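Structure assessment
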Amino acid sequence: MTNDIYDMLVGHEVSHALHTPADGWSDFVGKDKFSGMRHQFLNVVEDARIERMIKDKFPGLRRNFAKAYKQFADRDMFELADKNIADLPLLDRLN
């Protein structure tokens, strides 16, 4: 793991600790047949929100995040190299 990936992952988790509310998730997600899908969408949106917040709070992390995500892409961490992004489900395209 590179220092940039480490700093990005720690920044991400610290931002969850600082900014993700402990209450309210289960009310939104619910317990019906769509609860899993709502949870996945909420998780993608929440990750984007908290990453923006931590980079605003600590601007020096912006470079670490950019380098880490480039390294993920270079390593094909998300196994997208042979896929057309437009053909993926909406949630995967958002993520």
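Below, the structure is looked at part by part. Residue positions are counted from 1 within each chain, in the order its sequence is given. For this predicted model, a pLDDT threshold of at least 70 governs which residues receive local features, and a threshold of 80 or more governs which side-chain atom pairs are given and counted, while totals over whole chains, interfaces and linings are taken from all residues. Calculation of side-chain values draws on the structure's entire complement of heavy atoms; hydrogens and water are dropped beforehand.

What about the packing of aromatic side chains?
Note on aromatic pairs: the rings of Phe, Tyr and Trp (six-membered ring only in Trp) are paired at centre separations within 6.5 Å, and the planes decide the class, stacked below 30 degrees, edge-to-face beyond 60, tilted for the rest. Per the counting criterion, the structure on display carries 2 aromatic pairs. With a centroid separation of 5.7 Å and an interplanar angle of 80°, the aromatic rings of Tyr-69 and Phe-72 are classed as edge-to-face. On the criterion of helical spacing, the pair formed by Tyr-69 and Phe-72 is a turn pair, its members being 3 residues apart in helix 4 (residues 61–74). Burial status follows relative accessibility: with a 1.4 Å probe on protein chains alone, a residue under 20% of its type maximum counts as buried, one over 50% as exposed, and anything between as partly exposed. Judged by its relative accessible area of 36%, Tyr-69 falls in the partly exposed class. Relative to Phe-78, the ring of Phe-72 has its centre 5.7 Å away and its plane inclined at 85°; by these criteria the two rings are edge-to-face. When its relative accessible area of 51% is taken as the criterion, Phe-78 is described as exposed. Among the aromatic side chains, those forming a connected cluster through ring pairs are Tyr-69, Phe-72 and Phe-78. Secondary structure elements follow DSSP: runs of H or I of four or more residues count as helices, runs of E of two or more count as strands, with numbering from the N terminus.

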